[in-house]
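Letter by letter, the chains look like this.
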Amino acid sequence: MSELNDVAKKRVAEIGLEMVKRGLQMLTLEYDGSGDSQDDFVVSVQADNEEEFKFLESSDTLVAKLEDLVDDMHGGYENNAGGYGKLDLKIVDGTAILYWEHSERYEDSTPDDDAILDANSIEGIAEIIQPVARSCIITYVGGGDSMDGYEYTFMDENGKTVKMDDQELLKNLENVLDDMICNSAVSGFWDNDGGHGEIFIDSVDLEDSYWNHANYYTDSESSLYDFEVDLP
């Protein structure tokens, strides 16, 4: 169980006092955000001796105080992969009782051993690059149902980078790579969370060539808060 900081504890008391003034016995907040924007921030309240909840407008002062409370503990939660949570606050016999679960999303990747570099692909890429370079490192990334293309690093026999401006060569290389990936076990990796990889081809020592592929995934870590404060 996580603990609220002192600022957040005072904020809960302020919200609890506001609820008492308005005759509210229960408050629920559900929120979600990602990609540097807050997507949802929905507050519903239940008045004393009533069964139904009603939603508060975004301009309500209680909503603003709840936004401050979330910011006190998890400011910037909506950035990058984002986060989400649910908060319940009820008033019982002059005590504000809070239960809050907040989750932070994070992105990572896991290797996929199904990416196998077959002999025909190695030889096909080696044949293309051999006239201009000894070896080539190819990186790629894809996600959101699209492939973002390839980046190449060509090197000579001494391992020094070779500048490549031959557009026809690059197009031929792209066609071979597209055919190799689309006919492999990782075809379609760019859907949803996507993935990334690196291919190394040595046009002389073919056996040193390799293909490393990994798939992205999104997971989350949660913080739980269980807090009570007696209201004056």
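Here's a quick rundown of the structure.

## Focus: the overall build of the chain
So, step 1. Along its length, the chain carries 4 helices and 10 strands.
So, step 2. Starting at the N terminus and walking to the C terminus, you meet the elements of the chain as α-β-β-β-α-β-β-α-β-β-β-α-β-β.
So, step 3. Taking 17 Å as the expected radius of gyration for a compact globule of 232 residues, we find that the chain reaches 28 Å, considerably beyond that expectation.
So, step 4. Along the first, second and third principal axes, the C-alpha atoms of the chain reach 80 × 30 × 30 Å.
So, step 5. Residues classed as buried in the chain amount to 41% of the 232 residues present.
So, step 6. The long-range share in the chain, meaning contacts at least 24 apart out of those at least 6 apart in sequence, stands at 66%.
So, step 7. Accessible surface, the chain: about 13,000 Å² in total, of which carbon and sulfur atoms supply 42%.

## A word on the packing of helix 1 (residues 6–22) against helix 2 (residues 61–74)
So, step 1. Where helix 1 meets helix 2, the axes come as close as 9 Å, and the angle between the chain directions of the two elements is 165 degrees. Here helix 1 is positioned roughly antiparallel relative to helix 2, judged by the angle of their axes. For helix 1 against helix 2, the interelement crossing comes out left-handed. Only Thr61, Leu62, Lys65, Leu66, Asp68, Leu69, Asp72 and Met73 of helix 2 make contact with helix 1, whose side of the interface consists of Val7, Ala8, Arg11, Val12, Glu14, Ile15, Glu18 and Arg22.
So, step 2. A breakdown of the residues in the contact of helix 1 with helix 2 according to their chemical character gives 8 nonpolar, 1 polar and 7 charged.

## Notes on the nonpolar core
Generally speaking, soluble globular proteins have nonpolar side chains that are buried together.
So, step 1. Among the nonpolar cores identified, the biggest contains 32 residues, and Leu27 and Trp100 are the most heavily contacted of them.
So, step 2. If you list the elements that add at least two residues to this core, you get helix 1, strand 1 (24–34), strand 2 (37–47), helix 2, strand 4 (83–92), strand 5 (95–111) and strand 10 (210–230).
So, step 3. Looking at this core, the element that brings in the most residues is helix 2, giving 6 residues.
So, step 4. In contact with Leu27, not counting residues within four places along its chain, are Ile15, Met19, Val43, Ser44, Val45, Leu62, Leu66, Leu87, Asp88 and Leu89.
So, step 5. Of all hydrophobic cores here, the second largest spans 26 residues; its members include Ile125, Tyr150, Leu170 and Trp190.

## Here we look at unusual backbone geometry
So, step 1. Positive phi, close to 75 degrees, is recorded for Asp145, a residue that is not glycine.
So, step 2. Mapped onto the fold, Asp145 is located in the loop between strand 6 (135–143) and strand 7 (146–155).
So, step 3. Here Asp145 falls in the exposed class, since its relative accessible area comes to 53%.
So, step 4. Here Asn192, not a glycine, exhibits a phi torsion of approximately 55 degrees, which is positive.
So, step 5. Looking at the element boundaries, Asn192 is found in the loop between helix 4 (167–182) and strand 9 (195–202).

## Describing a negative patch on the surface
So, step 1. A cluster of acidic residues, Asp48, Glu50, Glu51 and Glu52, forms a negative patch at the surface.
So, step 2. Structurally, the position occupied by Glu52 is in the loop between strand 2 and strand 3 (53–55).
So, step 3. Residue classification places Glu52 among the exposed residues on the basis of a relative accessible area of 67%.

## Structural notes on helix 3 (residues 119–129)
Two residues of an α-helix separated by three or four positions point the same way, owing to the 3.6 residues in each turn.
So, step 1. Within helix 3, burial applies to Ser121, Ile122, Ile125, Ala126, Ile128 and Ile129. The buried residues of helix 3 occupy an angular sector of 160 degrees when the element is viewed end-on, so they sit on one face. In helix 3, the exposed positions that point more than 90 degrees away from the buried face belong to Asn120 and Glu127.
So, step 2. Where helix 3 is buried, its residues touch strand 6, strand 7, helix 4 and strand 9.
So, step 3. Of the residues that open helix 3, the one with a side-chain oxygen 3.1 Å from the backbone nitrogen of Asn120 is Asp118.

## Section: the environment of Gly94
So, step 1. Along the chain, the position of Gly94 falls in the loop between strand 4 and strand 5.
So, step 2. Separated by 137 residues in sequence, Gly94 and Leu231 have C-alpha atoms that sit 5.6 Å apart.
So, step 3. Discounting residues that sit within four places of it in the chain, Gly94 has contacts with Val229, Asp230 and Leu231.

Calculation criteria
- Residues numbered from 1 in each chain as written.
- Predicted model: local features only at pLDDT ≥ 70, side-chain atom pairs only at ≥ 80, totals over all residues.
- Heavy atoms only, no water.
- Helix = DSSP H or I, 4+ residues; strand = E, 2+ residues; numbered from the N terminus.
- Rg over C-alpha atoms; globule rule 2.2 N^0.38 Å.
- Buried < 20%, exposed > 50% of the residue type's maximum accessible area, 1.4 Å probe, protein only.
- Contact = heavy atoms within 4.5 Å.
- Areas by Shrake-Rupley, 256 points an atom, 1.4 Å probe, with all protein chains shown as cover.
- Axes fitted to C-alpha atoms, helices over the stretch in contact; angles between N-to-C directions.
- Parallel < 35°, antiparallel > 145°, perpendicular 65-115°, else oblique.
- Left-handed = near helix turned anticlockwise from the far one by under 90°.
- Nonpolar A, V, L, I, M, F, W, Y, C, P; charged D, E, K, R; others polar.
- Core = buried A, V, L, I, M, F, W, Y, C linked by side-chain atoms within 4.5 Å.
- Patch = residues over 30% accessible without salt bridge, like charges linked within 9 Å, V, L, I, M, F, W, Y side chains within 5 Å.
- Salt bridge = Lys/Arg side-chain N within 4 Å of Asp/Glu carboxyl O.
- Lys, Arg positive; Asp, Glu negative; His and termini not counted.
- Charge placed at Lys NZ, Arg CZ, Asp CG, Glu CD.
- Arc of directions from axis to C-beta.
- Polar contact = N/O pair within 3.5 Å; in protein donor to acceptor, adjacent residues only side chain to side chain.

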